[in-house]
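One-letter residues, chain by chain:
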Amino acid sequence: VLCLVMEQLTNKLPIPSLLLFLLLGMIFGIDGLFGIPFDNYEISETICSVCLIFIMFYGGFGTSFKAAKPVVVQAGLLATVGVVLTAGLTGAFVHLVLKLDWLQSLLIGSVIASTDAASVFGILRREKLNLKDNTASLLEVESGSNDPVSYMLTIVLCTLMSGTKISVFSLLLNQLIIGVVAGLVFGKIATSLLKKGIINKDGKTLFVLSVVLLTFALSSVFNGNGYLSVYLCGILMGNTRMPDKKEMVHFFDTVTNIAQMMIFFLLGLLVTPSELPEMFFPAFIVILFLTFVSRPLAVFITLLPFKASKQQIGLVSFAGLRGVASIVFAITAVLSDAVLDYNLYNLVFCIVLMSISIQGSFLPFVSNKLNMIDSNVDVSKTFND
């Protein structure tokens, strides 16, 4: 109830609403006013993973492929090559500065390598950031599709750190192939059934909800990337003409909104604020390097062949907000058999907190300073809903 009430208040404040949900969770937590003891990483991972399924699906469902088509190759490269470069450069920095071994360093880089779709979407919409050169669509597709790559890197490194012998190439290939096939097949079947009117009107939304869960589950059972599957399923369904689509949009918009609130409140509840000060300095230097070195370098290398302007490269670099996926992947790493010298959850929590509060708050300002605002376009047209 408090999250819903606060959401209305945040519309008048220049900070991302997700940050307030996080702080509200901390107020209820062990060091807050209510002092609720909560340190159950297992149930947190389960709840957050389920919520992330719907966030990933709606990220695809709500993105207009027609608007994104001119920049889909650039966005795809940023979501793959860009993530790998960001993870590698950040990992190398962590290894050199924080003196951790290579696997731990690369794990930290991998966990925070992807950008947060919920934060990016929310700021673009709320601030009505009509950006030049299809930059809004570029950011939307990149942030909506780069979590699976970060997840794959995290899983590979956790497996290697646990001492399990694996073929990295085979694992990644299996994740990609199964993930892509499951997403496209289930998306195609679902849209076909809906278009033919086989599903009763009153059951259509529930049917899509079931398809989303089934797509993730079966992809995961066969060691595919479930997040990639639901994102592709969302892209396919969201960009197909179907009857009664309006009701689906309203439903999943609400579900995704609740999922975001739930995740950030729960993560705030899970953290122990008294343990955070020791993580502020390492988190601060990592986010500085990530924001001003590794992310810009990855964006520059990726977009250079497309002759992107310096202003666009600068804005895309700064708009790399870290968010919920990074914290969920950090929980996954904590629950793995990987031996960690740092409290990875607290470190990533601080990084995300700084990213959302600083980058999120200054994104409209930076967009204006880089002269990337275009009054002749409408950012809402980059979304299907």
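Structure: see above.
Residues numbered from 1 in each chain as written. Predicted model: local features only at pLDDT ≥ 70, side-chain atom pairs only at ≥ 80, totals over all residues. Heavy atoms only, no water.

Enquirer: For this particular structure, what's the right way to read the overall build of the chain?
Expert: Tallying secondary structure elements over the chain gives 17 helices and zero strands in all. Scaling as 2.2 N^0.38, a compact globule of 385 residues should have a C-alpha radius of gyration of about 21 Å, and the chain matches this with 20 Å. In terms of its C-alpha atoms, the chain occupies a principal-axis envelope of roughly 60 × 45 × 45 Å. Out of the 385 residues in the chain, the part that is buried amounts to 55%. Counting contacts in the chain only where the partners sit at least 6 residues apart, residues at least 24 apart contribute 83% of the total. When the accessible surface of the chain is split by element, carbon and sulfur atoms take 66% of a total near 16500 Å². Computed over 23 positive and 23 negative side-chain charges, the inter-centroid distance for the chain is 15 Å. (Helix = DSSP H or I, 4+ residues; strand = E, 2+ residues; numbered from the N terminus. Rg over C-alpha atoms; globule rule 2.2 N^0.38 Å. Buried < 20%, exposed > 50% of the residue type's maximum accessible area, 1.4 Å probe, protein only. Contact = heavy atoms within 4.5 Å. Areas by Shrake-Rupley, 256 points an atom, 1.4 Å probe, with all protein chains shown as cover. Lys, Arg positive; Asp, Glu negative; His and termini not counted. Charge placed at Lys NZ, Arg CZ, Asp CG, Glu CD.)

Enquirer: Can you help me understand unusual backbone geometry in this one?
Expert: Backbone phi values are negative for most residues with the exception of glycine, while trans is the configuration of most peptide bonds. A positive phi is found at aspartate 133, a non-glycine position, where the angle reads about 55°. Relative to the elements of secondary structure, aspartate 133 occurs in the loop between helix H7 (117–126) and helix H8 (135–145). A positive phi is found at asparagine 371, a non-glycine position, where the angle reads about 60°.

Enquirer: Looking at this structure, how should I read helix H15 (residues 310–318)?
Expert: For an α-helix, the turn length of 3.6 residues means that residues three or four places apart are oriented alike. Turning to H15, its buried residues are Gln312, Ile313, Leu315, Val316, Ser317 and Phe318. Where the residues of H15 are buried, they touch helix H5 (72–97), H8, helix H14 (277–303) and helix H17 (344–369).

Enquirer: Can you help me understand the packing of helix H13 (residues 245–270) against H17 in this one?
Expert: To characterise two packed helices, one gives the angle between the axes of the helices and the distance between these axes. With their axes 11 Å apart at the nearest point, H13 and H17 run at an angle of 130° to one another. Here H13 lies oblique to H17, going by the angle between them. When you trace H13 past H17, the crossing you get is left-handed. Residues Phe264, Leu267, Gly268 and Leu270 of H13 form the contact with H17, whose participating residues are Tyr345, Phe349 and Ile356. Across the contact of H13 with H17, the residue classes break down as six nonpolar, one polar and no charged. (Axes fitted to C-alpha atoms, helices over the stretch in contact; angles between N-to-C directions. Parallel < 35°, antiparallel > 145°, perpendicular 65-115°, else oblique. Left-handed = near helix turned anticlockwise from the far one by under 90°. Nonpolar A, V, L, I, M, F, W, Y, C, P; charged D, E, K, R; others polar.)

Enquirer: Before we go on, may I ask you to explain the packing of aromatic side chains in this structure?
Expert: Aromatic ring pairs are defined here through the distance separating the ring centres and the angle between the ring planes. Scanning the entire structure with this criterion turns up 15 aromatic pairs. Relative to phenylalanine 329, the ring of tyrosine 151 lies with its centre 5.4 Å away and its plane at 45°, an arrangement referred to as tilted. Within this pair, whereas tyrosine 151 is found in helix H9 (residues 147–161), its partner phenylalanine 329 is found in helix H16 (residues 324–335), the two being separated by 178 residues in sequence. Under the relative-accessibility criterion, phenylalanine 329 is labelled buried at 1%. With 6.4 Å between their ring centres and 80° between their planes, phenylalanine 362 and phenylalanine 365 make a pair best called edge-to-face. Highlighted residues: phenylalanine 362 and phenylalanine 365, both in helix H17, separated by three residues, approximately one helical turn. Among the residues examined, phenylalanine 365 registers a relative accessible area of 46% and is labelled partly exposed. Cluster of aromatic residues (ring-pair linked, three or more members): Phe57, Tyr58, Phe61, Phe251 and Phe252. The aromatic ring of phenylalanine 61 is capped on one face by lysine 245, whose charged end is 5.7 Å from the ring centroid. (Phe/Tyr/Trp six-rings, centres within 6.5 Å; stacked < 30°, edge-to-face > 60°. Lys NZ or Arg CZ within 6 Å of the ring centre and 35° of its normal.)

Enquirer: How should the nonpolar core be read in this particular structure?
Expert: The tendency in soluble globular proteins is for nonpolar side chains to be buried side by side. Judged by nonpolar contacts, the single largest core of 122 residues is most densely connected at Leu52, Phe57, Val208, Met237, Tyr345 and Phe349. By residue number, the principal contributor to this core is H17, which donates 13 residues. Those residues in contact with phenylalanine 349 that lie beyond four places of it in its chain are Leu22, Met26, Leu267, Gly268, Val271, Leu276 and Ile327. Ranked by size, the runner-up nonpolar core spans six residues in total, among them Ala113, Val149, Met152 and Leu153. (Core = buried A, V, L, I, M, F, W, Y, C linked by side-chain atoms within 4.5 Å.)

Enquirer: Explanation requested: the pattern of salt bridges in the structure shown.
Expert: It is possible for side chains of opposite charge to pair when their charged atoms get near one another. Evaluation of the coordinates by the stated rule reveals three salt bridges. A salt bridge links lysine 201 to aspartate 244, with the shortest nitrogen-to-oxygen separation between them at 3.8 Å. Here lysine 201, found in the loop between helix H10 (168–195) and helix H11 (204–221), pairs with aspartate 244, found in the loop between helix H12 (226–238) and H13; they are 43 residues apart in sequence, far enough to count as distant. Of the residues examined, lysine 201 reaches a relative accessible area of 55% and is grouped as exposed. The closest approach of N and O atoms between lysine 204 and aspartate 244, which form a salt bridge, is 2.8 Å. In this pair, lysine 204 is assigned in helix H11 and aspartate 244 in the loop between H12 and H13, connecting sequence segments 40 residues apart. A relative accessible area of 7% places lysine 204 in the buried class. Via salt bridges that share partners, Lys201, Lys204 and Asp244 belong to a single interconnected network. (Salt bridge = Lys/Arg side-chain N within 4 Å of Asp/Glu carboxyl O.)

Enquirer: Is there a simple way to think about the packing of H5 against H9 in this case?
Expert: At their nearest, the axes of H5 and H9 sit 9 Å apart, and the two run at 45° to each other. Judged by the inter-axis angle, H5 sits oblique to H9. Between H5 and H9 lies a crossing of right-handed hand. Contacts between H5 and H9 involve Ala79, Thr80, Val83, Val84 and Ala87 from the first element and Val149, Ser150 and Leu153 from the second. For the contact of H5 with H9, the class distribution of residues is six nonpolar, two polar and no charged.

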